[in-house]
Amino acid sequence: MRLVVVGADGRMGRMLVRAVAQAEGCTLSAAIERAGSPALGQDAGTLAGLPSLDVPITDDPLAAFAAADGVLDFTVPAATVAFAELAAQARIVHVVGTTGLSEEDLAKLRAASYHARIVQSGNMSLGINLMTELVRRVAKSLGDEFDVEICEMHHRMKVDAPSGTALMLGEAAAEGRSVDLKAVRVSTRDGITGARKPGDIGFATLRGGSVVGDHSVIFAGTGESLTISHHAADRGLFASGAVKAALWAHPKPPGLYAMTDVLGF
């Protein structure tokens, strides 16, 4: 499978290049960066700490997508929407690990999925996606008598909050309870807030240091609580999950898929 990595000179982009180079069943066909990037013309493998892959970084995604089977995308929402349109034109796989996507952005991905095979997830970790399914089932089993709080921590450079993963976990809890997350989400508490409303799903966001990603979902009842947690120690797990998703989606029909589909949940 011929894969393109966009944002190839970024922290995740370099890991994606390494993951593609080391995986069976795929090869790096192109690497893309923004116009004016100092990485343009450099070898993607060398920048990623590998021997040369003879794949120079370019700023021409259209030509790259036309000659590829799929694209791995951990960039920013505006770029991801543009890449989805190109992936739809090329009828290829588009794996989206970008976070901070708005409802409008997601609607555009859904439109692109009529022609592209799009796998979109707030987190490409296999463990997180298993955790998501567990949260959904626990929320359904325990009911409203248990309060749900989601706590996440990431490195100081992360620009969106709550994280896409935290929101994904919140959606899973809301689905388990058959409610709309928008109606019960509480993202901030400050000052005299009053008592916690039954059925709310709360979020706590921490930022600092070089933390890759820690997530916990707390089900707090009267006299007991249950916590489901995941700790990510290496960003490479997100890259390997993205490659797995691309290989899974390659033979599938056009559509919008999630990592839970990849894992068979």
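Residues numbered from 1 in each chain as written. Predicted model: local features only at pLDDT ≥ 70, side-chain atom pairs only at ≥ 80, totals over all residues. Heavy atoms only, no water.

What to know about a nonpolar patch on the surface
A cluster of nonpolar side chains, namely Leu130, Leu134 and Phe265, defines an oily patch on the protein surface of about 260 Å² accessible area. On the secondary structure map, Leu130 appears in helix 6 (residues 126-142). (Patch = residues over 30% accessible without salt bridge, like charges linked within 9 Å, V, L, I, M, F, W, Y side chains within 5 Å. Areas by Shrake-Rupley, 256 points an atom, 1.4 Å probe, with all protein chains shown as cover. Salt bridge = Lys/Arg side-chain N within 4 Å of Asp/Glu carboxyl O. Helix = DSSP H or I, 4+ residues; strand = E, 2+ residues; numbered from the N terminus.)

Digging into the side chain of His155
Here His155 shows up in the loop between strand 7 (147-154) and helix 7 (164-176). Setting aside residues no more than four positions away along its own chain, His155 makes contact with Arg11, Arg207, Gly208, Gly209, Ser210, Val211 and Arg235. (Contact = heavy atoms within 4.5 Å.)

Considering the pairing of strand 10 (residues 213-220)
In the case of a regular strand, side chains alternate between the two sheet surfaces. Where strand 7 lies against strand 10, 7 bridges are found, and the strand directions are antiparallel. Looking at strand 10, one finds that Ile150 is bridged to Val217. In terms of strand pairing, strand 10 meets strand 11 (residues 225-232) through 8 bridges, oriented antiparallel. Residue pairing for strand 11: Phe219 is matched across the bridge by Leu226. With antiparallel pairing between neighbouring strands as the criterion, strand 10 and strand 11 make up a hairpin whose turn holds 4 residues, including Gly223 at a positive phi of roughly 85°. (Pairing = 2+ DSSP bridges.)

Focus: the UniProt feature "domain: Dihydrodipicolinate reductase C-terminal" (unreviewed entry) in the protein
On the UniProt side, "domain: Dihydrodipicolinate reductase C-terminal" (unreviewed entry) is annotated at positions that read residues 127-263 here. The annotated region residues 127-263 carries 38% helix and 26% strand content, and the separation between its end C-alpha atoms amounts to 10 Å. (UniProt positions renumbered as here; feature names shortened; annotations may be inferred.)

Focus: the UniProt feature "active site" (unreviewed entry) in the protein
Under the UniProt annotation, "active site" (unreviewed entry) lies at His154 and Lys158. Along the chain, His154 falls in strand 7. You can call His154 buried: its relative accessible area is 8%. Apart from the residues within four sequence positions on either side, His154 is in contact with Ser163, Leu206, Arg207, Gly208, Val211, Val212, Gly213 and His215. On the secondary structure map, Lys158 appears in the loop between strand 7 and helix 7. Discounting residues that sit within four places of it in the chain, Lys158 has contacts with Thr99, Ser163 and Arg207. (Buried < 20%, exposed > 50% of the residue type's maximum accessible area, 1.4 Å probe, protein only.)

Some details on helix 6
Over its 17 residues, helix 6 extends 24 Å from the first C-alpha to the last, a length consistent with the 24 Å expected when each residue adds 1.5 Å. For helix 6, the set of buried residues is Ile128, Asn129, Met131, Thr132, Glu133, Val135, Val138 and Ala139. The secondary structure elements touched by the buried residues of helix 6 are helix 7, strand 10, strand 11 and helix 10 (259-263). One side-chain oxygen at the N-terminal end of helix 6 lies 3.1 Å from the backbone nitrogen of Gly127; it belongs to Ser125. Following helix 6 by one or two positions, Gly143 adopts a phi angle in the positive range, close to 80°. (Expected span 1.5 Å × (residues − 1). Polar contact = N/O pair within 3.5 Å; in protein donor to acceptor, adjacent residues only side chain to side chain.)

Side note on helix 7
Spanning 13 residues, helix 7 covers 18 Å between terminal C-alpha atoms, matching the ideal 18 Å at 1.5 Å per step. Residues Gly164, Thr165, Ala166, Met168, Leu169, Gly170, Ala172, Ala173, Ala174 and Gly176 constitute the buried set of helix 7. Those residues of helix 7 that are buried are in contact with helix 6, strand 7, helix 8 (181-184), strand 9 (201-207) and strand 10. Within two residues after helix 7, Ser178 carries a phi angle of roughly 60°, on the positive side.

Considering the environment of Thr58
For Thr58, the position within the fold is in strand 3 (residues 57-58). It is 8.2 Å that separates the C-alpha atoms of Thr58 and Arg34, two residues lying 24 residues apart in sequence. Excluding its chain neighbours within four sequence positions, the residues that come into contact with Thr58 are Ala31, Ile32, Glu33 and Leu40. Polar side-chain contacts of Thr58 include one of 3.4 Å to the backbone nitrogen of Asp60.

Topic: the nonpolar core
Ranked by internal contacts, the top residues of the largest apolar core, which has 38 residues, are Val5, Leu16, Val20, Leu72, Val95 and Val119. Secondary structure elements with two or more residues in this core: strand 1 (2-6), helix 1 (11-22), strand 2 (27-32), helix 2 (44-47), strand 5 (93-96), helix 9 (236-249) and helix 10. Broken down by element, the residue count for this core peaks at 7 residues, all from helix 9. Those residues in contact with Val5 that lie beyond four places of it in its chain are Gly13, Leu16, Val17, Val20, Leu28, Ala30, Ala31, Ile32 and Leu72. (Core = buried A, V, L, I, M, F, W, Y, C linked by side-chain atoms within 4.5 Å.)

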